[in-house]
Amino acid sequence: MSSARLSHALESGALVLPEGRIAVFGPPIGADLSPLERDRVDIVSRFFPDARYWQGLGYGVLQAPEGTYATALVFLPRAKDAARALLAQASGCAGFLIVDGQKTDGVDSILKAVKTVAGTIGVTSKSHGKLFWLAAPDFPGWAGQARTVEGFVTRPGVFSADGPDKGSRALVDALPALSGRVVDLGAGWGFLARHILTSDKVTALDLVEADLTALDCARENVTDPRASFHWADATDYRPDTPVDVVVSNPPFHTGRAGDPGLGRAFIASAAAMLAPTGTFWMVANRHLPYEDALTAQFREVDEVGGTPGFKVIRASKPLRSRT
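Residues numbered from 1 in each chain as written. Predicted model: local features only at pLDDT ≥ 70, side-chain atom pairs only at ≥ 80, totals over all residues. Heavy atoms only, no water.

As for the overall build of the protein
If you tally the helices and strands in the protein, you get nine helices and 16 strands. Expressed as lengths along the three principal axes of its C-alpha atoms, the size of the protein is roughly 65 × 35 × 35 Å. Burial analysis of the protein (323 residues in total) assigns 51% to the buried set. Across the protein, the fraction of contacts at a sequence separation of at least 24, relative to all contacts at a separation of at least 6, is 60%. In the structure as shown, the protein presents an accessible area of about 14300 Å², 51% of it carried by carbon and sulfur atoms. (Helix = DSSP H or I, 4+ residues; strand = E, 2+ residues; numbered from the N terminus. Buried < 20%, exposed > 50% of the residue type's maximum accessible area, 1.4 Å probe, protein only. Contact = heavy atoms within 4.5 Å. Areas by Shrake-Rupley, 256 points an atom, 1.4 Å probe, with all protein chains shown as cover.)

Next comes the structure, spelled out in structure tokens:
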């Protein structure tokens, strides 16, 4: 575990923390930060479930660093571009940098890249990963830059940053003109939302997204006044009143391994927020076993389109009462 690397480095005396404030970037749920004095720590998290978790434990949680820090501890994300951008941000606000990552998430390649711009680096290896530390260097050219793809703004680290994914394209191809109040559950950077709003019968669209960076992109990409933006966990988000339609391309990864349970949670959440005659439109990889979850939540379930790799499903008339 990453906590073992941090504890080992501190307890061995190899790593000595400077006095002063500590910014901890992107710690996952369950990470052990007990080696750090809580009153010195600001958590910097832009993923809603993680931010809520750390806030519940009594930590100060920010979406961006505030002021300067003595130390920045970065938990590496999987996406290489996002990792480089996070290191540049952390190094820009702190004098001392600590980086923690798993080998499967590319810590070795990041360490190699850091060595090209840094001075002396301390390293410890443990539990299939590495922790390294150094005086915070400049990272020229590492800051995350927005890009424009097919007329949409994206940023490093967001899902499908290189353009619309195949599943979302399949869903757009199958969707009819929608009407009423619609929720885009797991809205990402707004590809589906912009298409949904081409129907003038849509009265309102709620974009619900846990990744604040993706949601900020969506704010740039979707400027229709009918749209509203919600930084929230799609699995327990509930609108103030039942809605007519929910549209979703649910994620199925919580880490490196696939997790169909996440898609099932999206299905249950959609059923809970729909009006009794409401409809849920979703796309999923063909191999994912969602049919049982859909038939448990809806009276009518039909596959209505897709591609060889993706299925588009329409589910209507939720069985369970709104919670």
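Next comes the rest of the description.
Topic: unusual backbone geometry
Unusually for a residue other than glycine, Ser 127 sits at a positive phi of about 55°. By secondary structure assignment, the location of Ser 127 is in the loop between β6 (122–126) and β7 (129–135). Here Ser 127 falls in the partly exposed class, since its relative accessible area comes to 28%. Within the chain, Ser 160 stands out as a residue other than glycine whose phi angle is a positive 55°. Within the secondary structure, Ser 160 is located in the loop between β9 (152–154) and α5 (166–174).

Focus: the side chain of Asn 221
Structurally, Asn 221 is set in helix α7 (residues 212–221). Looking at Asn 221, the relative accessible area reads 6%, which means it is buried. For Asn 221, the contacting residues outside a window of four places in its chain are Gly 151, Phe 152, Val 153, Trp 189 and Arg 194.

Quick notes on the packing of helix α3 (residues 80–93) against helix α4 (residues 107–115)
One can describe the packing of α3 onto α4 by two numbers: an axis separation of 11 Å at closest approach and a directional angle of 45°. Classified by the interaxial angle, the pair formed by α3 and α4 is oblique. Crossing of α3 over α4 shows right-handed handedness. Every residue of α4 that contacts α3 at Lys 80, Ala 83, Arg 84 and Leu 87 is listed here: Ile 110, Ala 113 and Val 114. (Axes fitted to C-alpha atoms, helices over the stretch in contact; angles between N-to-C directions. Parallel < 35°, antiparallel > 145°, perpendicular 65-115°, else oblique. Left-handed = near helix turned anticlockwise from the far one by under 90°.)

Overview of α7
Side chains of residues three or four places apart in an α-helix project in the same direction, reflecting 3.6 residues per turn. With seven of its 10 residues buried, α7 lies for the most part within the structure. When we look at burial in α7, the residues that qualify are Leu 212, Thr 213, Ala 214, Leu 215, Cys 217, Ala 218 and Asn 221. A distance of 3.0 Å separates the backbone nitrogen of Thr 213 from a side-chain oxygen at the start of α7, and that oxygen is part of Asp 211. (Polar contact = N/O pair within 3.5 Å; in protein donor to acceptor, adjacent residues only side chain to side chain.)

Points about the sheet that holds strand β2 (residues 41–44)
Spatially, the seven strands line up as an open sheet ordered β3-β2-β1-β4-β5-β7-β6, and their pairing is mixed. Edge strands, defined here as strands with exactly one partner in the open sheet, are β3 (60–62) and β6. Put simply, the sheet's adjacent strands are angled 20° from each other on average, direction ignored. With five bridges connecting them, β6 and β7 associate as antiparallel partners. Paired with Val 123 across the strands is Phe 132, a residue of β7. Strand contacts of α3: β1 (22–25), β4 (69–75) and β5 (94–102), with the helix running at about 150° to β5, the strand carrying the most contacts. (Pairing = 2+ DSSP bridges.)

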